[in-house]
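Next come the chains, spelled out residue by residue.
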Amino acid sequence: MSNLSEIFKNHKAFIPFVVADDPDFDTTVANIIALAEGGADIVEIGIPFSDPIADGGVIQAADLRAFDAGVRTKTVFEIVEAARKQTNVPIVFLTYLNIVFKYGYDAFCQKCQELGVSGLVIPDMPYESREDIVPTADKYDIDIIPLIAPTSGHRVEKIAKAASGFIYVVSSLGITGERNEFFNGLKDLVAEIKSYTDVPTAIGFGVHTPKQAKAMAGIADGVIIGSAIVDIVAKQKQNAPQAIEKYTQSIRAAVDEAQTEEAHV
Amino acid sequence: MKNLTESKTTKRPGIFADTYGGQYIPETLMTELEKVDKAFHTLKDDPDFQAELHDLLINYANRPSLLYYAKNMTEDLGGAKIYLKREDLNHTGAHKINNVIGQALLAKHLGKKRLIAETGAGQHGVATATIAALFGMDCEIFMGKEDTDRQKLNVYRMELLGAKVHPVTTGSMVLKDAINATLQEWASRSEDTFYVMGSAVGPYPFPEMVKYFQSVISKESKQQLKAKENTLPDMVVACVGGGSNAIGSFADYIDDPSVKLVGVEAAGKGVNSDKTAATIERGTVGIFHGMKSLFLQNEDGQINPVYSISAGLDYPGVGPEHAALAKEGRAQYVGITDDEAVQAFEYIARQEGIVAAIESCHAVAYVEKIAPTMSKDQIIVCTLSGRGDKDVASIAKYKGVDIDE
Ligand SMILES: Cc1ncc(COP(=O)(O)O)c(C=O)c1O
């Protein structure tokens, strides 16, 4: 187990996401630093996959830009290594299981530990398949961050009870991408998770405005933002770090407001 | 059904040869998969469901399909006796209907109002659109843009049947991308929607379920051959895309060790070329589309673009049970190139007066090679998975003949 869950102690967490090597190596390193300096609590780095079945168009396009840049799994490790020279921000990877499987579960988790990567989010690995990798991840103190969806139903209990690090609560059905509406039972879903575990929760999928971030941070212990940041990279390219830092600050402020309001209730 | 390859040591369902299969799919879909699993295992032992399934197979799909003795081919090739299992004579023109009837009935029992499916050649899409029309359900089909272009006739057939066809423009715009898109659609809307999986691929229970519904092919062929020849075949040959017609053709013979099982993959421009879809011969173990199986992928685990003249075999993976049968040596998998398949398309047309699907012609091409090496008292059963009307225009083009579609 890592110390990821400590981050959420009396603190609403902001967890932004960028795709590695989008649009190139140096920009990604600068983006990670910008996210850390803008106030991210955990940076989630996407390792591109050829067939990202849980991702919408924005992240698919980012994966393609990274492939154009020639991204390999080892490139992603090199990016983290370069970023680590300037920041100690907690990092988790998001990728599909085949990428980890092909690198070798043991070699991959060992590499994560070496680079100070604390957790893995693997959207195509449900509870039923977690035993493939959890024993190896445990060996290197890497958390496997489970996802819980609005459709999880009776599965919530077993997933929550087995969780470590934090729990990724999927805001709505379908795939990643900016949204204006979320599943309206999120409050109850988070409450149910809380009844089974102390492992913190973070809501993601579709969140993009500060207002939404505040609302989600009000419901859960943290908020994850992906497509909105990836979209900045798409538009600003090599100039993204500056815009990303500004955006991160605005979300940070919104999430902190949620923290303050909760403290006053 | 008894099954040699189903694992006995692990509690996880749907694992073959202790390695392949399983469930690797976003959490959003898991509750739905559990429902499908439960419904399938309850209904398959339910006499009313069986009666309904049987009635549709007989009275709507035109089963049993013929087991036809290909006398001209047998004499021309001068070796083993060749029987063709005529899935091309089914309603909608391919084996796909067997599986679609089963899954759509299941969907109906689950109270679903809408069917979605991926399709490569268009045969599975046509079968799904057909049953949706029969059952009064909505239907949306996802098909790679490359395939909507090379299978225009089937696109129109689906629309005629009332389905909406979505050309998929992500990735390499072929079958694998259509599966990605259909999974995404299912993840965003499963409450009223059933994903009719078109091949023996995907997360458990799909590979098992598709095998179950397709195993009617081998159940029939076994009885039919017994009636004609009073023996088992020496060899069963079928083409392999995702592997549904092949697993259905093999199913009832898996526990008969004297029957050689041969799956024929699309080698495209050659098994050792970059333009191939020969997954079992060239692939490595990976996890994709909900299953652990063999895939054509690079060393980082990125899925490779694949190639075949046949839209229905143009898939970078294969059903997990085939990967297991290959690993255990129970079945053998061979590659047939575009050129060989096109030659077989013409050969079977002229010898037997049968225009067979280009997918099926991969199996026919292998029979042409192997039959002469076997003795006259041996028997091959070759599955003709579909009819070839859909391919006539593109084969003409391949041969440089200009016809007005
Ligand atoms: C006529 C025909 N045969 C074979 C296939 C390959 O599929 P499978 O391997 O699942 O039988 C297809 C797929 O579209 C098809 O249309």
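Residues numbered from 1 in each chain as written. Chains lettered and ligands numbered in written order. Predicted model: local features only at pLDDT ≥ 70, side-chain atom pairs only at ≥ 80, totals over all residues. Heavy atoms only, no water.

Caption draft 1: Looking closely at the overall build of chain B. Helices and strands together make up the secondary structure of chain B, namely 16 helices and 14 strands. Taken over the C-alpha trace, chain B has a radius of gyration of 19 Å; the compact-globule value for 405 residues is 22 Å, and the two agree within 12%. Projected onto its principal axes, the C-alpha coordinates of chain B cover approximately 55 × 50 × 50 Å. Relative to its 405 residues, chain B shows a buried fraction of 65%. Summed over its atoms, the accessible surface of chain B is roughly 14,300 Å², and 50% of this surface lies on carbon and sulfur atoms. Within chain B, the 54 negative side-chain charges are centred at a point lying 2 Å from the centre of the 43 positive side-chain charges. (Helix = DSSP H or I, 4+ residues; strand = E, 2+ residues; numbered from the N terminus. Rg over C-alpha atoms; globule rule 2.2 N^0.38 Å. Buried < 20%, exposed > 50% of the residue type's maximum accessible area, 1.4 Å probe, protein only. Areas by Shrake-Rupley, 256 points an atom, 1.4 Å probe, with all protein chains shown as cover. Lys, Arg positive; Asp, Glu negative; His and termini not counted. Charge placed at Lys NZ, Arg CZ, Asp CG, Glu CD.)

Caption draft 2: Fine view of the site of the ligand. All names here are of chain B. Near the ligand there are 18 residues, and of these Ser199, Gly241, Gly243, Ser244 and Ser385 occur at the shortest range. Within the backbone of Gly241, one N or O atom sits 2.7 Å away from an oxygen atom of the ligand. At a separation of 3.2 Å, an oxygen atom of the ligand approaches a polar backbone atom of Gly242. Burial of the ligand by the protein chains amounts to 98% of its free accessible area of 390 Å². A majority-of-atoms criterion places the ligand in the largest cavity. Classifying every residue of the shell around the ligand gives 5 nonpolar, 11 polar and 2 charged. Each of two domains, domain 1 (16–57 + 95–210) and domain 2 (62–93 + 215–398), supplies a minimum of three residues to the shell around the ligand. (Near = heavy atom within 4 Å. Polar contact = N/O pair within 3.5 Å; in protein donor to acceptor, adjacent residues only side chain to side chain. 1 Å grid on protein atoms, 1.4 Å probe; cavity = no way out; pocket = protein on both sides within 12 Å on 5 of 7 lines; lining within 4 Å. Sits in = over half its atoms within 2 Å of the grid points. Nonpolar A, V, L, I, M, F, W, Y, C, P; charged D, E, K, R; others polar. Domains from an automatic or database assignment.)

Caption draft 3: Broad picture of helix α2 (residues 47–59) of chain B. Residues and elements named next belong to chain B. The end-to-end C-alpha distance of α2 is 18 Å, a good match for the 18 Å that 13 residues give at a rise of 1.5 Å each. Among the residues of α2, those classed as buried are Phe49, Leu53, Leu56 and Leu57. Along the long axis of α2, the arc covered by the buried residues comes to 100 degrees, so they all point the same way. Of the exposed residues in α2, the ones pointing more than 90 degrees away from its buried face are Pro47, Asp48, His54 and Asn59. Looking at the buried residues of α2, the elements they touch are α1 (30–43), α4 (96–109), α5 (123–135) and α9 (206–214). (Expected span 1.5 Å × (residues − 1). Arc of directions from axis to C-beta. Contact = heavy atoms within 4.5 Å.)

Caption draft 4: Fine view of the pattern of salt bridges. Evaluation of the coordinates by the stated rule reveals 45 salt bridges over all chains. A salt bridge links A:Glu262 to A:Lys12; the nearest nitrogen and oxygen atoms lie 2.8 Å apart. Separated by 250 residues along the polypeptide, A:Glu262 in helix α11 (residues 240–264) and A:Lys12 in the segment before β1 (13–19) bring together distant segments of the chain. Across the pair B:Glu34 and A:Arg155 runs a salt bridge, and its minimum N-O distance is 2.6 Å. Of this pair, B:Glu34 sits in helix α1 while A:Arg155 sits in the loop between β6 (147–148) and α7 (156–162), placing the two residues on different chains. A relative accessible area of 23% places B:Glu34 in the partly exposed class. For A:Arg155, a relative accessible area of 0% gives the class buried. (Salt bridge = Lys/Arg side-chain N within 4 Å of Asp/Glu carboxyl O.)

Caption draft 5: Quick peek at the domain arrangement of chain B. Residues and elements named next belong to chain B. Partitioning chain B into structural domains gives domain 1 (16–57 + 95–210) and domain 2 (62–93 + 215–398). Taking only C-alpha atoms, the centre of domain 1 and the centre of domain 2 are 22 Å apart. Listed per partner, the contact involves 40 residues of domain 1 and 46 residues of domain 2. Buried surface at the junction of domain 1 and domain 2, both sides included, amounts to about 3,400 Å², of which 60% is carbon and sulfur. For the pair domain 1 and domain 2, the interface holds 1 salt bridge. Arg150 is the salt-bridge partner of Asp314, the closest N and O atoms lying 2.7 Å from each other. For the interface between domain 1 and domain 2, the tally reads 18 residue pairs in polar contact (both at pLDDT 80 or more). The set of elements that each furnish at least two residues to the side of domain 1 that touches domain 2 consists of β2 (20–24), α4, α5, α6 (145–150), α7 (152–160), α8 (175–188) and α9. Of the residues in the side of domain 1 that touches domain 2, the class split is 20 nonpolar, 15 polar and 5 charged. (Buried area = accessible area lost by both parts, 1.4 Å probe.)

Caption draft 6: How the structure looks around the UniProt feature "modified residue: N6-(pyridoxal phosphate)lysine" (unreviewed entry) in chain B. Residues and elements named next belong to chain B. Here, the residues flagged by UniProt with the feature "modified residue: N6-(pyridoxal phosphate)lysine" (unreviewed entry) are Lys96. For Lys96, the location among the structural elements is in helix α4. Non-local contacts of Lys96, meaning those with residues more than four positions away in its chain, are made with Gln123, His124, Ala127, Gly198, Gln214 and Ser244. (UniProt positions renumbered as here; feature names shortened; annotations may be inferred.)

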